[in-house]
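A look at the structure
Given next are the chains, with one letter for each unit.
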Amino acid sequence: MSEPLRAPGSGPEAQAQALHAADDRDAQPPCEVESAPRPAALDAGDRALPMRWHGFLVRAMLFLTAALHALQAWGILSGWIYHGAQVRAAVYAGLPGMRALDAFFAGMLIVGAALQLAARFQLAARRARGVRLLTAAYGALLAGVAGYALGRLLLSGLSPLSPALMAQAGYYLGLLLVNVVYYRKRRGAFAPAKGEEV
């Protein structure tokens, strides 16, 4: 009597081979899938720091102080600070270099105002260039006050340590130091421009 026909691969030997192959597959270590490296959050700590002062600068202070400096420059160039054209003419006649000194101080105020506005928009975009522009703005304003005080001393012998000039210089110096320290602690929260370092 002949044996019944079997489908290929359905015999005991084929089943045993299939079991051994399954055991071999189970014994192999799982293939490790390499995941894409995650970018290191270098600025996570910086972004966690309070940014209220930054928000105040961007939303209000830099606009306001730039406008005030432009107004002060107009007051100097127009002679308003002398309370009349006749007084200004007398001052300029007695101190010929005073006109140039006023123009210098007004020019530094305008430069400081322009730098403040430029810094405001860069800081709002979280650019590191904004910090440099802000530092340059207060540096220019401080240099303007110092130059004006020295010029007054040389031209007229007036003390450079007048209360108004000292207060203005102290204000600029204080803001310069505060912002340098403040933004240095948060440097990772600001993106450098192309080719720049934070």
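Everything discussed here concerns the structure shown above.
Residues numbered from 1 in each chain as written. Predicted model: local features only at pLDDT ≥ 70, side-chain atom pairs only at ≥ 80, totals over all residues. Heavy atoms only, no water.

This part covers the side chain of R152. As for its placement among the helices and strands, R152 is situated in helix α6 (residues 128–156). For the buried residue R152, which engages in no salt bridge, the nearest side chain bearing the opposite charge is D102, 8.5 Å off. Look past the residues within four positions of R152 in its chain and what remains in contact with it is M98, L101, G157, L158, S159, S162 and L165. (Helix = DSSP H or I, 4+ residues; strand = E, 2+ residues; numbered from the N terminus. Buried < 20%, exposed > 50% of the residue type's maximum accessible area, 1.4 Å probe, protein only. Lys, Arg positive; Asp, Glu negative; His and termini not counted. Salt bridge = Lys/Arg side-chain N within 4 Å of Asp/Glu carboxyl O. Contact = heavy atoms within 4.5 Å.)

The next point concerns the environment of P96. Mapped onto the fold, P96 is located in the loop between α4 (85–94) and α5 (98–124). Since its relative accessible area comes to 67%, P96 is described here as exposed. Along the sequence, P96 and L155 sit 59 residues apart, while their C-alpha atoms lie 8.6 Å from each other.

One way to put it is that helix α3 (residues 52–78) packs onto α5 with a least axis distance of 8 Å and a crossing angle of 160°. Between α3 and α5, the interaxial angle falls into the category roughly antiparallel. The element α3 and its partner α5 pack so that their crossing is left-handed. Of the residues assigned to the contact of α3 with α5, the class counts are 20 nonpolar, 5 polar and 2 charged. (Axes fitted to C-alpha atoms, helices over the stretch in contact; angles between N-to-C directions. Parallel < 35°, antiparallel > 145°, perpendicular 65-115°, else oblique. Left-handed = near helix turned anticlockwise from the far one by under 90°. Nonpolar A, V, L, I, M, F, W, Y, C, P; charged D, E, K, R; others polar.)

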